[in-house]
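These are the residues of each chain, in order.
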Amino acid sequence: ADIPFEKSALFTSLEFTGRYVTYASADTWFPSWAADGSLLSTWTDGKVGDHGAASSCATLGCLSTTGFASALGDDPFHLNITGIGTFPASPSPYHGRYPSASLAFNGTWFYGTYMLDNENHQPGRRLAGTSAAGYCGNWCIQGPFVGFRTSVDRGRSW
């Protein structure tokens, strides 16, 4: 199958230069431009500044945490990334709660999360005594979109 639109006359190829920069040890970033020109973003499963978050939650009653941060700068190789905080929330009856959307609009930051699960065990580990055949490996069950929490002060309160 081919792409459903005309090929570009301006861009004929794509090249990866190998240049990159690492700002934080976290994933699941969904940045959105705020009115002041900064980027506001979700993140999880890692650390940004002094803030740590983990979306996986294995025991009954535990809380998943998701983080939020801001980024300033015009040069992607010299951004100032600041961890703002984390937000604990229950993933129950699932075992994971992850960021899924981020939108800054008219002074309000909308932060969405969704649920994930595995077949009654921790992601990345199959149950003891079971065969690897048919094991999907990582978050095989897509849970629901939970909804948005909102902040009007850039994540200081939700």
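It should be emphasised that the depicted structure is a prediction, and the values quoted were computed from it without experimental measurement.

Here is what the cut-offs are and how they apply
Residues numbered from 1 in each chain as written. Predicted model: local features only at pLDDT ≥ 70, side-chain atom pairs only at ≥ 80, totals over all residues. Heavy atoms only, no water. Pairing = 2+ DSSP bridges. Helix = DSSP H or I, 4+ residues; strand = E, 2+ residues; numbered from the N terminus. Axes fitted to C-alpha atoms, helices over the stretch in contact; angles between N-to-C directions. Buried < 20%, exposed > 50% of the residue type's maximum accessible area, 1.4 Å probe, protein only.

Visitor: Just to check I follow, could you spell out the sheet that holds strand β9 (residues 141–151) for this structure?
Guide: Adjacent strands of a sheet form backbone hydrogen bonds with each other and so pair up, either parallel or antiparallel. Within the open sheet, the three strands sit side by side as β7-β8-β9. Their pairing is antiparallel. Each edge of the sheet is formed by a strand with only one pairing partner; in this case those strands are β7 (96–105) and β9. When the angles between neighbouring strand axes are averaged without regard to direction, this sheet yields 20°. Pairing geometry for β7 and strand β8 (residues 108–117), over nine bridges, is antiparallel. Bridge pairing in β8 links Tyr-98 to Tyr-114.

Visitor: Whenever I open this one, unusual backbone geometry confuses me. Can you help?
Guide: Negative phi is the rule for most residues except glycine; trans is the rule for most peptide bonds. In this model, Ser-92 is joined to Pro-93 through a cis peptide bond whose omega is 10°. Relative to the elements of secondary structure, Pro-93 occurs in the loop between β6 (80–89) and β7. In this structure, Thr-28 takes a positive phi of about 65° despite not being glycine. Among the structural elements, Thr-28 can be located in the loop between β1 (25–27) and β2 (32–33). For Arg-154, which is not glycine, the phi torsion reads 60° and is therefore positive. For Arg-154, the position within the fold is in the segment after β9.

Visitor: Can you walk me through the pairing of strand β3 (residues 39–48) in this structure?
Guide: On a regular strand, each side chain points to the face opposite its neighbour's, so the side chains alternate between the two faces of the sheet. With respect to burial, β3 is a largely interior element, seven of its 10 residues being buried. As paired elements, β2 and β3 share two bridges and run antiparallel to each other. Bridging across to β3, Ser-32 finds its partner in Leu-40. Taking the residues that link successive antiparallel strands as the turn, the β2-β3 hairpin has five residues, and the phi of Gly-37 there is positive, at about 95°. In this sheet, strand β4 (residues 51–53) lies alongside β3 in antiparallel orientation, the contact comprising three bridges. By the bridge assignment for β4, Lys-47 is matched with Gly-52. Where β3 hands over to β4, the hairpin turn is made up of two residues, of which Gly-49 adopts a positive phi near 60°.

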